[in-house]
Amino acid sequence: MRLYFQSVLLRAGFCLCCTAALFVFAPSGSTQGLASGDLSRLRSVGSVELSPDSRRIAYTVTMRDRPGRPYGQLWIMDVATQKSVRVGGEKDSGGGPLWSPDGKSFVFQGHQGEKGGLFVARPDGSDVTFLASRSGTNSPLPGTGNDVTWSPDGKQIAFISSTPGPEAVEAAGDPMVITRYLYKPDAGEGMTRFNDNQRLHIFAVDVATKQVRQLTQGNFDEHSIDWSPDGKEILFASNREPNQDEFFNYDIFALKVADNSIRRLTATEYSEYEPRWAPDGKRIVFRGTRRGLTDRETTMEDTHVWMMNADGSDRREIGAVLDNRQGAPRWAPDGSAVYFTLQERGSNHLVRLPISGGKPEYVVKDAGGVGGWSVGKDGSLAYGFASRQDAAELYLKAGSGAPRKLTDFNAQFFAGKQIAEVESFTFISNDNKFEVEAFLTKPLGMTAASKHPLIVNIHGGPHGQNGPAFNFKNQVYAARGWATLNVNYRGSTGYGQKFADAVFGDQNGNEGQDVLYAVSAAVRRYLWIDRERMGIEGVSYGGQLTDWLITQTNEFKAAVPIAGIANLVSYNYMTYYNQYEEMEFGQFLHQGNLMDVAWERSALKHVAAAHTPTMLMHGENDNDVPIAEAEQFFIALKDVGTEAIFVRYPREGHGLAETKHQIDSIDRCIAWYEKHFPKSGTEGVTNVQP
């Protein structure tokens, strides 16, 4: 069972993508770049927590060197010496570190030896002590925030754990009896096919005695907790709708620790996420939406930062000053401002916004992606950052000074290897409504006369983005002398709400044309691109567009749709969540003529026009885009006489989590393209479609 607080791969963004046992490809030519098998050696920084005195940083490192899925190791760095020590042994795992208010200890979750759950340790990582066991759920609960919080006196720790819900017994019986609308598990879970029907509740453990007590009960899920500065209440988020499976709607509540009574702070038809008390306890900041229907999965509406008084009054959208998607906010130590991440033109920046209404300040605006981050009492900022040249590393920024790079985990394995350049360009959309941006990863080993294949790699979502940050699969392609084109088609985030909304009611429409127009622009501006050797692929919505576009054009020599939707009608009734198509089209499929519209926009309906050799890839236990989508399209392609193969990955949900499966996927993609690309220079230009 996947604990709910572990990361998942959703339709809006699929991992480092894809080492293997069957074939191993080395970079072509004399240029030394990355190979697929290098993925198992790649390390990256995850969560980051700066101690209250800013002298130490607790951070996690994502490792991929074991069989199965990546795991996290927990480290403590002494900022003065930049030396780090691992918490626990080499085989132990840990994550989610959180310092006590006085900085004399920290709590984390993970496995140490035979025990798993919550642990506390001294500031230097020594004296690791087990506190309490935890259990989670595989139920789809997106946008959850803190699952651990300290009492202000440092004597107690509140945490989230689960108990069986009322459906658990019958749903686990023989036969299974399904009563829940939301009966399937989370998108990336991959180990089972059904919701475990556990409910998340708030617990507290006494640090000295290790005694645990349950603070909330009932047929709801409580999460995203934060203990008030006066120690009297714990903030949390919960969906208390009577039809909570059908209507996704988090509200904010406060639990009184003394008697477990609950007061409700918001009552809206939209969602509030990740509430946080101000340092003085007088205000609460959170992330929220303003539309009446917010999807459980990849919402079209950009979340913004909001603030209200501690009693729930004077609710206002302070993040409206920035028209782009915003991440979970955290207070500045003095309460004068809030920090949050901001998606913008392919990058993920960090912003500081004064609550008095001042101008927002870009604290980290380098091209790339800010990951975990933490602000110290002295204003120091520790954060993970993925640059153009490397996966996420640890950085420290003090005041207005330049950031210092504190780690270089991949230096040894990058030594002697070249990292390809990423260049962006823009073009005007087919309907003249938008300027669309694309990112081109250039091949290694280029000469004045060389020609190079182009792989179009389409991101998921559709409400996600590609950008300049290090992309492992693109770099493997570059090492083979192949370019990769990532297109932030309409519907993508990072370009304002109007752009994100532009896919509404138009799936497999003009956003697909944005992809084709990007290809057209690329082959005309970069004359070294070989029009005869172009492939197309994508994951999730990118897989859906891959399915669709090969029914609209024959310009690609090979296609690799991964976890893609081929039939919008069947998909709507098989996926684990229930509001996606309603949100994307404005009504249920059974209303009006939307059933006909959805079928018209399904690749399966137009499969007779698909002649591109296609390799479908899918996780066996994908509950986001069920594998039946690939099964339908595979048989349909076979019926048409189009060359097709179908690769099914066991133990996988939506996207591929196991390192060996990711590597295997990359190698199979390379083999598929190699099989169908003509030898360079063996024929003249015949593909003039773009």
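Above this text you will find the structure in question.
The numbers attached to residues start from 1 for each chain and follow its sequence in the written order. With pLDDT at 70 or above as the cut-off, local features in this predicted model cover only qualifying residues; side-chain atom pairs require 80 or more to be listed or tallied, and sums for whole chains, interfaces and linings still use all residues. Where side-chain values are given, they derive from all heavy atoms of the structure, hydrogens and water being excluded.

**A word on empty space enclosed by the protein**
Phase 1: In this structure, the largest cavity occupies an estimated 100 Å³ of space.
Phase 2: Definitions used for this entry: grid spacing 1 Å over protein atoms alone; cavity, a set of points where a 1.4 Å probe fits but cannot get out; pocket, an open set with protein on both sides within 12 Å along at least 5 of 7 lines; lining residue, one with an atom within 4 Å of a point. Lining the largest cavity, in full, are Ser139, Leu141, Arg180, Leu182, Asp221, His223, Asn239, Gln244, Asp245, Phe248, Tyr250 and Arg296.
Phase 3: Charged residues are taken to be Asp, Glu, Lys and Arg, nonpolar residues to be Ala, Val, Leu, Ile, Met, Phe, Trp, Tyr, Cys and Pro, and polar residues to be all remaining types, Gly included. Grouping the constituent residues of the lining of the largest cavity by class yields four nonpolar, four polar and four charged.
Phase 4: When its volume is computed, the second largest cavity comes out at roughly 60 Å³.
Phase 5: Around the second largest cavity sit Glu167, Ala171, Met176, Val177, Ile178, Thr179, Arg180, Tyr183, Phe194, Asn195 and Asn197, which together line it. Grid points are joined across faces, edges and corners, and a volume is the space filled by probe spheres set on the points.

**Things to note about the packing of helix 3 (residues 472-479) against helix 11 (residues 659-676)**
Phase 1: Between helix 3 and helix 11, the least distance of the axes is 11 Å, while the angle of their chain directions is 40 degrees. As the angle between them shows, helix 3 and helix 11 are arranged oblique. Relative to helix 11, the crossing made by helix 3 is right-handed. Each of Phe472, Lys473, Val476 and Tyr477 in helix 3 lies in contact with helix 11, whose residues at this interface are Ile666, Cys669, Ile670 and Tyr673.
Phase 2: Residues of the contact of helix 3 with helix 11, tallied by class, amount to seven nonpolar, no polar and one charged. All axes are obtained by fitting lines to C-alpha atoms, using only the stretch in contact for helices, and the reported angles, taken between N-to-C directions, cover 0 to 180 degrees. Elements are defined by DSSP. Helices are runs of H or I of four residues or more, strands are runs of E of two residues or more, and each kind is numbered from the N terminus. Our angle categories are set so that under 35 degrees counts as roughly parallel, over 145 as roughly antiparallel, 65 to 115 as roughly perpendicular, and the remainder as oblique. Whether a crossing is left-handed or right-handed is set by the direction in which the near helix is turned from the far one by less than a right angle, anticlockwise for left-handed and clockwise for right-handed. A contact between two residues is defined here by any heavy atoms of the two lying within 4.5 Å.

**Some remarks on the side chain of Ser228**
Phase 1: Mapped onto the fold, Ser228 is located in the loop between strand 13 (222-227) and strand 14 (233-238).
Phase 2: Residues adjacent in sequence count toward polar contacts only when both atoms are side-chain atoms; beyond that, a polar contact is any pair of N or O atoms within 3.5 Å, and within protein one must be able to donate a hydrogen and the other to accept it. Polar side-chain contacts of Ser228 include one of 3.2 Å to the backbone nitrogen of Lys232.
Phase 3: Each residue touching Ser228, except ones within four places of it in the same chain, is listed here: Pro152, Glu233 and Trp277.

**Description of the pattern of salt bridges**
Phase 1: Only one rule defines a salt bridge in this text: a Lys or Arg side-chain nitrogen within 4 Å of an Asp or Glu carboxyl oxygen. One pass over the full model with this rule turns up 34 salt bridges.
Phase 2: We note a salt bridge from Asp501 to Arg291, for which the minimum N-O separation is 2.7 Å. Of this pair, Asp501 sits in helix 4 (residues 497-501) while Arg291 is found in the loop between strand 18 (283-288) and strand 19 (304-309), placing the two residues 210 residues apart along the sequence.
Phase 3: The shortest N-O distance in the salt bridge between Asp314 and Arg316 comes to 2.8 Å.
Phase 4: What makes Arg316 partly exposed here is its relative accessible area of 26%. With a 1.4 Å probe rolled over the protein chains alone, any residue whose accessible area is under 20% of its type maximum counts as buried; one over 50% counts as exposed, and the rest are partly exposed.

**Remarks on the layout of surface pockets**
Phase 1: Considering only enclosed or pocket space, the second largest pocket measures out at about 910 Å³ in volume.
Phase 2: Breaking the lining of the second largest pocket down by element, the ones donating at least two residues are strand 1 (44-50), strand 5 (93-99), strand 9 (148-150), strand 13, strand 17 (272-277), strand 20 (330-331) and strand 24 (369-375).

**Some points on the sheet that holds strand 33 (residues 558-562)**
Phase 1: Only strands that DSSP links by at least two bridges are regarded as paired with each other. Strands sit in the order 28-29-31-30-32-33-34-35 across an open sheet of eight strands; the sheet is mixed. Only two strands of the sheet have a single neighbouring strand rather than two, namely strand 28 (422-428) and strand 35 (644-649). Pairwise comparison of adjacent strand axes, ignoring direction, gives a mean angle of 20 degrees for this sheet.
Phase 2: Here strand 33 pairs with strand 34 (residues 614-619) via two bridges, running parallel. Bridging across to strand 34, Ile562 finds its partner in Met617.
Phase 3: Those strands touched by helix 5 (residues 510-525) are strand 28, strand 29 (435-441), strand 30 (452-458), strand 31 (483-488) and strand 32 (529-539), and its axis lies near 115 degrees from that of strand 28.
Phase 4: Packing of helix 6 (residues 541-549) onto the sheet brings it into contact with strand 30, strand 32 and strand 33, and relative to strand 32 it is tilted by some 130 degrees.

**Some words on the environment of Met307**
Phase 1: By the secondary structure assignment, Met307 is in strand 19.
Phase 2: Exposure remark for Met307: the relative accessible area of 1% places this residue in the buried category.
Phase 3: Placed 57 residues apart in sequence, Met307 and Tyr250 show a C-alpha to C-alpha distance of 16 Å.
Phase 4: If we ignore the near neighbours within four places in the chain, the residues touching Met307 are Arg283, Ile284, Val285, Phe286, Asp314, Arg315, Arg316, Ile318, Trp331 and Ile355.

**Topic: the packing of aromatic side chains**
Phase 1: Pairing of aromatic side chains here covers Phe, Tyr and the six-membered ring of Trp, requires ring centres within 6.5 Å, and sorts the geometry by plane angle: under 30 degrees stacked, over 60 edge-to-face, intermediate tilted. Inspection of the entire model under this criterion finds 32 aromatic pairs.
Phase 2: Between Tyr489 and Tyr541 the ring centres are 6.1 Å apart and the planes differ by 25 degrees, which places this aromatic pair in the stacked class. Taken as a pair, Tyr489 in the loop between strand 31 and helix 4 and Tyr541 in helix 6 lie far apart in primary sequence, 52 residues in all.
Phase 3: When its relative accessible area of 0% is taken as the criterion, Tyr541 is described as buried.
Phase 4: Put simply, the rings of Trp99, Phe106, Phe108, Phe119 and Phe130 touch in pairs and so form one group of aromatic residues.
Phase 5: Charge-over-ring placement is defined geometrically: NZ (Lys) or CZ (Arg) within 6 Å of the ring centre, and within 35 degrees of the ring normal. Here Arg315 stacks its cationic end above the ring of Trp306, 4.1 Å away from the centre of that ring.
Phase 6: Over the aromatic face of Trp373 sits the side chain of Arg330, whose NZ or CZ is 5.5 Å from the ring centroid.

**Let's talk about the nonpolar core**
Phase 1: The biggest cluster of nonpolar side chains holds 67 residues, and the ones touching the most others in it are Phe425, Val456, Leu485 and Phe633.
Phase 2: Sorting elements by how many residues they give to this core places helix 5 first, with seven residues.
Phase 3: For Phe633, the contacting residues outside a window of four places in its chain are Asp547, Ile550, Thr551, Ala566, Ala603, Leu604, Val607 and Leu616.
Phase 4: Remark: nonpolar core denotes a set of buried residues (Ala, Val, Leu, Ile, Met, Phe, Trp, Tyr, Cys) joined through side-chain atoms within 4.5 Å. Judged by nonpolar contacts, the second largest core, of 30 residues, contains Leu39, Phe414, Ile562 and Cys669.

**Details of the sheet that holds strand 17**
Phase 1: Ordered by their spatial adjacency, three strands build an open sheet running 17-18-19, and the pairing between neighbours is antiparallel. The outermost strands of the open sheet, each flanked by one partner alone, are strand 17 and strand 19. The mean inter-strand angle of the sheet, taken between neighbouring strand axes irrespective of direction, is 25 degrees.

**Section: the side chain of Asn324**
Phase 1: Its location among the elements puts Asn324 in the loop between strand 19 and strand 20.
Phase 2: By relative accessible area, Asn324 is classed as buried at 7%.
Phase 3: If sequence neighbours within four positions are ignored, Asn324 has contacts with Asp302, Thr303, His304, Leu342, Gln343, Glu344, Gly494, Tyr495 and Gly496.

**Digging into a nonpolar patch on the surface**
Phase 1: Each patch is built from residues lacking any salt bridge and having more than 30% relative accessible area; the joining distance is 9 Å for like charges and 5 Å for nonpolar side chains (Val, Leu, Ile, Met, Phe, Trp, Tyr). All accessible areas in this document rest on Shrake-Rupley with a 1.4 Å probe, and a residue is counted as covered only by the protein chains that are shown. A cluster of nonpolar side chains, contributed by Met176, Ile178, Tyr183 and Phe194, occupies part of the molecular surface with about 330 Å² of accessible area.
Phase 2: With relative accessibility at 40%, the residue Met176 sits in the partly exposed group.

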